[in-house]
Amino acid sequence: MSREKLKSLGLKLPLFPTTSVGSFPKPDYLAKARAEFSKGKITSDQLRELERKATKFWIQTQEKLGIDVLVDGEMYRGDMVAYFAERFPGFTEGGLVRSYGNRYYHKPIITGEVEWPGPVTVDWWKYAQSLTKKPVKGMLTGAYTIMDWSFNEHYADRRATAMALAGVIHKEVEALIAAGCKIIQIDEPALSVRPEELPIAIEAMDATTKDLSAYFITHACYGAFEQIYPGMLELAVDNFDLEMSNNDLGLLEIFRGQPFTKDISFGVVDVHTHTMEDEDAVRQRVEQALTVLDKEQIWVDPDCGLKTRTVDEAIEKLRLCVAAAETFRN
Ligand SMILES: [Zn+2]
C-alpha cells in the first residue's frame, strides 16, 4: 500500500481517491477540426487552439465533479501508440491495421534506433496542471505495449525492442518529474495478451521507472489476467488501474486467492456501453471490492478511457464514480 509514498510526495488525497483512466471524448468542434486539419484546411496552430480549449473544458468539468486526480483527457491524441511512434525517431508510419472495434490505425514500424526527441508530453501536462490546483496525472504508453503494437525491423527480438523503448520512456518520465509531475500513469493494455512475456513487461517497467520518484500507475484492460496473476504484481508501479466492471468483478475472485499487494484504481463503471449504471449498482461494486481489498488500497474510476462515449455519457459515468467514493468516505 502506498499511502506513505503519496504523503512523501506531498500529495494529500482522501480515501477512495477518484480519477479517470485517461481519454475523454473529443467535443464535436474538435473532432471536426481534426478532420479538417488532416485535409489541410486548417493550420496546426488553429487545431492546437481548439485542443487547448477542449482540455480546459475537461479540466473544469472534472473540478466541478469533484474528481481528486485529474487527467488532461488526451484531446491531442489519436491512437495511444501511434502518438508516440510519430514523435520518436526510429519509427516509420506503417499501413492501416485494425485495433479494436471498427477503429483502424497506422501500425508503426521500427526501422532504426529508437530515440527520445526531447519532451513529448510535458507541455500538455504543464498546460493542464496550470488550470487546476488538483494533481494532474502524466500520461504515457508503456514500452511493452508500444513494442507489441508495432512492427520491428531493427532490433534482434521483442525483448530488445521493449528495452530500447523503456530507455526512451524513462527519459520522458524524468522530464515529467522535472516539470513537477508527481503521479504518472504508464499504460500497458497489452500486458496480459502474451502471458509468457510477462517477464519482458516487468523488466521494461523496471527500466522505465528506475531511480525515479513519483507515484506510478499502470492501466491494463482486456486479456488473460488469471494467467499473469499474481506475477504481474512485480511490475514496478504503485497502483494498477484495472477494468473490473466489464467482467462483473471476475478479477476480484482471483485476488481472493492471492492477496493484491498494491493500490488499485478499481473500475466501477463499464465504458463499453451506452447503458448508464445507477448509483446503487456502482456502490455495490465498491462494497464488493471491500470484501477483498483494504479501503486504503482503493481508488475509484471508470474501467477504461471514456473516449468512445458521448460527452454527456462520460460526464455522467464520472459523476457516478464520485458519488460512490463519497458514500464510502463518510
Ligand atoms: Zn483500457
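Further up the page is the structure itself.
What counts and how
- Residues numbered from 1 in each chain as written.
- Predicted model: local features only at pLDDT ≥ 70, side-chain atom pairs only at ≥ 80, totals over all residues.
- Heavy atoms only, no water.
- Helix = DSSP H or I, 4+ residues; strand = E, 2+ residues; numbered from the N terminus.
- Rg over C-alpha atoms; globule rule 2.2 N^0.38 Å.
- Contact = heavy atoms within 4.5 Å.
- Areas by Shrake-Rupley, 256 points an atom, 1.4 Å probe, with all protein chains shown as cover.
- Lys, Arg positive; Asp, Glu negative; His and termini not counted.
- Charge placed at Lys NZ, Arg CZ, Asp CG, Glu CD.
- Core = buried A, V, L, I, M, F, W, Y, C linked by side-chain atoms within 4.5 Å.
- Buried < 20%, exposed > 50% of the residue type's maximum accessible area, 1.4 Å probe, protein only.
- Phe/Tyr/Trp six-rings, centres within 6.5 Å; stacked < 30°, edge-to-face > 60°.
- Lys NZ or Arg CZ within 6 Å of the ring centre and 35° of its normal.
- Donors = N, O, S within 2.8 Å, 3.2 Å for Na, K, Ca; no water.
- Pairing = 2+ DSSP bridges.
- Axes fitted to C-alpha atoms, helices over the stretch in contact; angles between N-to-C directions.
- Salt bridge = Lys/Arg side-chain N within 4 Å of Asp/Glu carboxyl O.

(A) Main features of the overall build of the protein chain. Scanning the protein chain from N- to C-terminus turns up 12 helices and 11 strands. Against the 2.2 N^0.38 benchmark of 20 Å for 330 residues, the protein chain shows a C-alpha radius of gyration of 19 Å, consistent with a compact globule. Counting only C-alpha atoms and orienting by the principal axes, one finds that the protein chain spans roughly 50 × 45 × 40 Å. Across the protein chain, every contact between residues at least 6 apart in sequence was considered, and the portion connecting residues at least 24 apart equals 75%. Of the roughly 13,900 Å² of accessible surface on the protein chain, 49% is carried by carbon and sulfur atoms. Positive and negative charge centroids in the protein chain, built from 39 and 50 side chains respectively, lie 5 Å apart.

(B) Structural detail: the nonpolar core. Ranked by internal contacts, the top residues of the largest apolar core, which has 100 residues, are Leu 242 and Phe 266. Among the elements that take part in this core, helix H7 (residues 158-178) stands out by supplying 9 residues, more than any other. Leu 9, Leu 11, Leu 13 and Ile 217 belong to the second largest nonpolar core, which has 9 residues in total.

(C) Molecular detail of the packing of aromatic side chains. Inspection of the entire model under this criterion finds 13 aromatic pairs. When the ring of Tyr 229 is compared with that of Phe 255, the centres are 5.0 Å apart and the planes differ by 45 degrees; the resulting orientation is tilted. Taken as a pair, Tyr 229 in the loop between helix H9 (225-228) and strand S9 (239-242) and Phe 255 in helix H10 (residues 250-257) lie far apart in primary sequence, 26 residues in all. For Tyr 229, a relative accessible area of 8% corresponds to the buried category. Over the face of the ring belonging to Trp 124 we find Arg 48, whose NZ or CZ atom lies 5.1 Å from the ring centre. A cation over a ring is seen here: Arg 52 above Tyr 127, with NZ or CZ 4.0 Å from the ring centre.

(D) Structural detail: the coordination of the zinc ion. Of the protein atoms, only His 219 (NE2), Cys 221 (SG) and Cys 304 (SG) coordinate the zinc ion, at distances of 2.1 to 2.2 Å. For the zinc ion, all donor residues lie on one chain, and their spacing in sequence is H-x1-C-x82-C. One end of the pair, Cys 221, is in the loop between strand S8 (215-220) and H9; the other, Cys 304, is in the loop between strand S11 (298-302) and helix H12 (311-329), and 83 residues separate them in sequence. No difference in accessibility class separates Cys 221 from Cys 304, as the two residues are buried.

(E) Representation of the sheet that holds S11 in the model. The strand order S5-S7-S8-S9-S10-S11 describes an open sheet built from 6 strands, whose pairing is parallel. Every interior strand has two partners, whereas the edge strands, strand S5 (138-141) and S11, have only one. Along the sheet, successive strands turn relative to each other by an average axial angle of 25 degrees, direction set aside. Across 4 bridges, the pairing between S5 and strand S7 (residues 183-187) is parallel. Counted as the bridge partner of Leu 140 is Ile 186 from S7. The sheet strands contacting H12 are strand S10 (263-269) and S11, and the helix crosses S11 at an angle near 160 degrees.

(F) Inspection of the pattern of salt bridges at higher detail. Per the counting criterion, the structure on display carries 18 salt bridges. Here Glu 253 makes a salt bridge to Arg 256, at a shortest N to O gap of 3.0 Å. You can see Glu 253 and its partner Arg 256 sitting in helix H10, 3 residues apart, about one turn around the helix. According to the relative accessible area criterion, Glu 253 is partly exposed, its value standing at 48%.

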